[in-house]
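# Observations on the three-dimensional arrangement
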Amino acid sequence: MTLVGEELQALEFRVRGRVQGVGFRPTIWRMARELGLAGEVLNDGEGVVVRVSGDRSRIAALLKRIEQDPPPLARIDRIERQRYDGRLPEDFRIAESVGGSVRTQVAPDAALCAACATELRNPLDRRYRYPFANCTHCGPRLSIVRAVPYDRATTTMAPFALCAACEAEYREPTDRRFHAEAVACPACGPTATLIAFGQAEVPCDGDAVAKAARVIAQGHIVAVKGLGGYHLACDATNPETIARLRRLKRRDAKPFALMARDLDVIRRFCAIEAVEARALTSVEAPIVLLRATGPERLPEAIAPGLDMLGFMLPTTPLHLLLMEAFEHPLVMTSGNISDEPAIIDDDDARRRLRDLASFALTHNRAIANRVDDSVVRAMGGRSRVLRRARGYAPAPLRLPKGFENAADLLAMGGELKSTFCLVQDGQAILSQHQGDLQSAATFDDYRKNLGLYRKLFDHAPSAIVIDRHPDYLSSKLGRTEADRLGARLIEVQHHHAHVAACLAENGRPLDAPPALGVVLDGLGFGDDGAIWGGEFLLADYRGCERLARMKPVVMPGGAQAAREPWRNLYAQLKAAGAFDATCGSAGDWAAFAGKPLATIDVMIAQGVNSPAASSCGRLFDAVAAALGVCADRQVYEGEAAARLEALASAAPNETRAYTFKISGSDLIDIDPAPMWRALCGDLRRGVAAAAIARRFHLGLAESIAVVVMRLAAARRFETVALSGGCFQNRLLFESVRDRLRETGFEALSHADAPANDGGLSLGQAAIGAAHLISADVTGNEEERTCVWAFPAASSA
């Protein structure tokens, strides 16, 4: 930044962004003193204020250094300047924080840094083996904050008065713990304790973490209090303990997350690409999905039917100390009964985890806010977030050009993998993963976090944006909130929100021409009241037009069909007219043995609880069932599709692709009938299931590319946005993306926000903001409820 104009005696700079709790003030203090400048730096509700006097060139040098060399966890969004006429000190100081209108960012929790890890291992250091060491470069942030400005008094560290040594570090500007709000040591900070449940006995020797390691090695399950919630930990090489954990947690098949001491341990079990290693060792420290192709194997029960394992490295000092006792991985799964939110309250943990674990490794620093572990997967050479939580939230995403003056609004998200999103100052503040709102406990936590974010960001929305589905709990709550606040209510179609999320994340400007969105997922409420899930939408932020779809097929039993893939297989074969010499009769299929097919036929014929759906997710379920994968039942969302992808990965040299029929003009259908006949023929000829699975993936990808090219010839778009949960499938995603790029399209995809419904609120927010901007520009008085339409004439 260059200063121009008149000679300046003093300036005030406001630095906005993620600038509190990350060592920003001491960094400014050091820079200013090195440049011989006088003045002060302080926190307030809007960020960091720098007031400085001195030579113009030195002030310019300070600004340049701030922009080019901020602290590791900081993110500067902008720097505003104005003349300052007040009195300043003769030297440069760090002044006391002040309150005011909140416009700053709360930093995400950050994984243990190398400097703190070194201290943990040094017997001569006063923090040797201290489970709560941290500094301005690492440690808890969102999980402990109750209000802003982010100071110790507004966090769960407030009860811990600093000892003289920690006070000295906190006050010393040259120390990396200068104004580190969670600073602590064994003399003054939180303490860890191992407690026993039931008849278990706590070992006598060693500190709490060493004792926990000992009982885990003996085959016990231990509840471990982490940054944003409790985990359940056990030996990942012990099949009996893993089986017991599955039974007690009521988690029949969903894969367990794993933690390992370092990359070398992980490499014994998984191949690690460079992009995956960077993700594992990043400050976010997410769970990274890795191919289980290492020289050693873990029990099948860790991730039944899958070819991937989810690994993370130690995220806190406590976890590092625990893991250094093991040469192999530990299971580190969420501390809860399946489908409930992770437990954060200590009394709740004692009451609800005592039947799951023999011990609890706990401590007396409260968790203010539940924050789950984030999950990423490397696809197409990039790490892509599948679940955005610890390490990422609540870091905002800058909205594209044209949204700079967007009004404050709140987008409520969806029903599954739910998040919500605040728009403020041209940014989208995406919440941490909330979970499935059908769980009463998760819905309660969702409402709590809505209140927390409004408080932290001093947010008063002028509009509430919801999914159009009438029965989503998030939509119902959004309607209630709009009435309570007198805010405008904006309804957004599910798949339009998916496309908008992808466009916004990739920085596509507000006034850019429409792009084609290809959205493949389980289901969403369509404009026509039907179930959509395989959509080609020509869209921008202001509207969308449906140009193509997966051909609708009924879902006999409705929601039950999403849980029992055999129902989708039967409906697909029946719709394809495939019960003939090629595919045989229904009685020839093991998947239909003992099933009430006569009743299903009546339901389909009479249209009873058998809605038609253009769902790509249900097509994946049907193909999986045809290959004997999860035919009777899938116990978690996406299980059949995930296992089908794993099966396909076992035939990497297969290049043949099944054919899909593409028909229609005004609305193009992708019809899988030819695919079903080819698949049945392969089954009869004894073709390996892995080859069949891969042929399906490749055929679907090619049909998508063909439809895109046909539509582009008529509608002249050059950009395609890929979204929806089906694009978390690496084989499908990379096949589609590469094919589109080969034919000259710009293929946009997700990385910072999930392609699944976890990114839905971001798209809702962008669409809602565009609506409000358009209303302001035209001056039109809109109805409080706005249902989007995209005129065909404007989409060419």
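Calculation criteria
- Residues numbered from 1 in each chain as written.
- Predicted model: local features only at pLDDT ≥ 70, side-chain atom pairs only at ≥ 80, totals over all residues.
- Heavy atoms only, no water.
- Buried < 20%, exposed > 50% of the residue type's maximum accessible area, 1.4 Å probe, protein only.
- Helix = DSSP H or I, 4+ residues; strand = E, 2+ residues; numbered from the N terminus.
- Arc of directions from axis to C-beta.
- Contact = heavy atoms within 4.5 Å.
- Polar contact = N/O pair within 3.5 Å; in protein donor to acceptor, adjacent residues only side chain to side chain.
- Disulfide = S-S within 2.5 Å.
- pLDDT = per-residue confidence, 0-100.
- Phe/Tyr/Trp six-rings, centres within 6.5 Å; stacked < 30°, edge-to-face > 60°.
- Lys NZ or Arg CZ within 6 Å of the ring centre and 35° of its normal.
- Pairing = 2+ DSSP bridges.
- Axes fitted to C-alpha atoms, helices over the stretch in contact; angles between N-to-C directions.

Another aspect to go through is helix H6 (residues 239-249). In an α-helix, one turn spans 3.6 residues, which is why side chains three or four residues apart end up on the same side. Three or more residues of H6 are buried, namely Thr241, Ile242, Leu245, Arg246 and Lys249. The arc that holds the buried residues of H6, viewed along the axis, is 140 degrees, so those residues lie on one side. In H6, the exposed residues that point more than 90 degrees away from the buried face are Glu240 and Arg247. Elements in contact with the buried residues of H6: strand S8 (230-235) and strand S12 (330-334). Capping the start of H6 is the job of one residue whose side-chain oxygen sits 3.1 Å from the backbone nitrogen of Glu240: Asn238. Positioned one or two residues after H6, Arg250 has a phi angle of 60 degrees, which is positive.

This paragraph deals with the state of the cysteines. All chains considered together, the criterion is met by one disulfide. Here Cys502 stays free of any disulfide, with the sulfur of Cys544 as its closest cysteine sulfur at 15 Å.

A few words on the confidence of the model for the protein. Here the protein averages 93 in pLDDT, while 96% of its residues score no lower than 70. Confidence drops under pLDDT 50 across residues 1-6; counting only partners more than four residues distant or on other chains, this segment forms 15 contacts. Contacts of residues 781-796 to residues separated by more than four positions or lying in other chains number 44 contacts, the stretch itself having pLDDT below 50.

The next subject is the packing of aromatic side chains. Any two aromatic rings considered together are summarised by their centre-to-centre distance and by the angle between their planes. Enumeration according to the criterion identifies 13 aromatic pairs in this entry. Ring plane angle 85 degrees and centroid distance 5.0 Å describe the contact between Phe420 and Tyr453, whose orientation is recorded as edge-to-face. Separated by 33 residues along the polypeptide, Phe420 in the loop between strand S17 (409-411) and strand S18 (421-424) and Tyr453 in helix H11 (residues 440-456) bring together distant segments of the chain. Neither Phe420 nor Tyr453 differs from the other in exposure class; each is buried. One aromatic cluster is present, built from ring pairs that chain together Phe420, Phe443, Tyr446, Tyr453 and Phe457. Positioned above the aromatic ring of Trp532, the side-chain terminus of Arg546 is 3.8 Å from the ring centre.

Spatial ordering of the open sheet is given by S6-S13-S7-S8-S12-S9-S11-S10-S14-S15, a layout of 10 strands whose pairing is mixed. Pairing within the sheet leaves two strands with one partner each, and these edge strands are strand S6 (192-196) and strand S15 (382-387). Neighbour to neighbour, the strand axes of the sheet diverge by 35 degrees on average, direction disregarded. Pairing of S8 with S12 involves five bridges; the strand directions are antiparallel.

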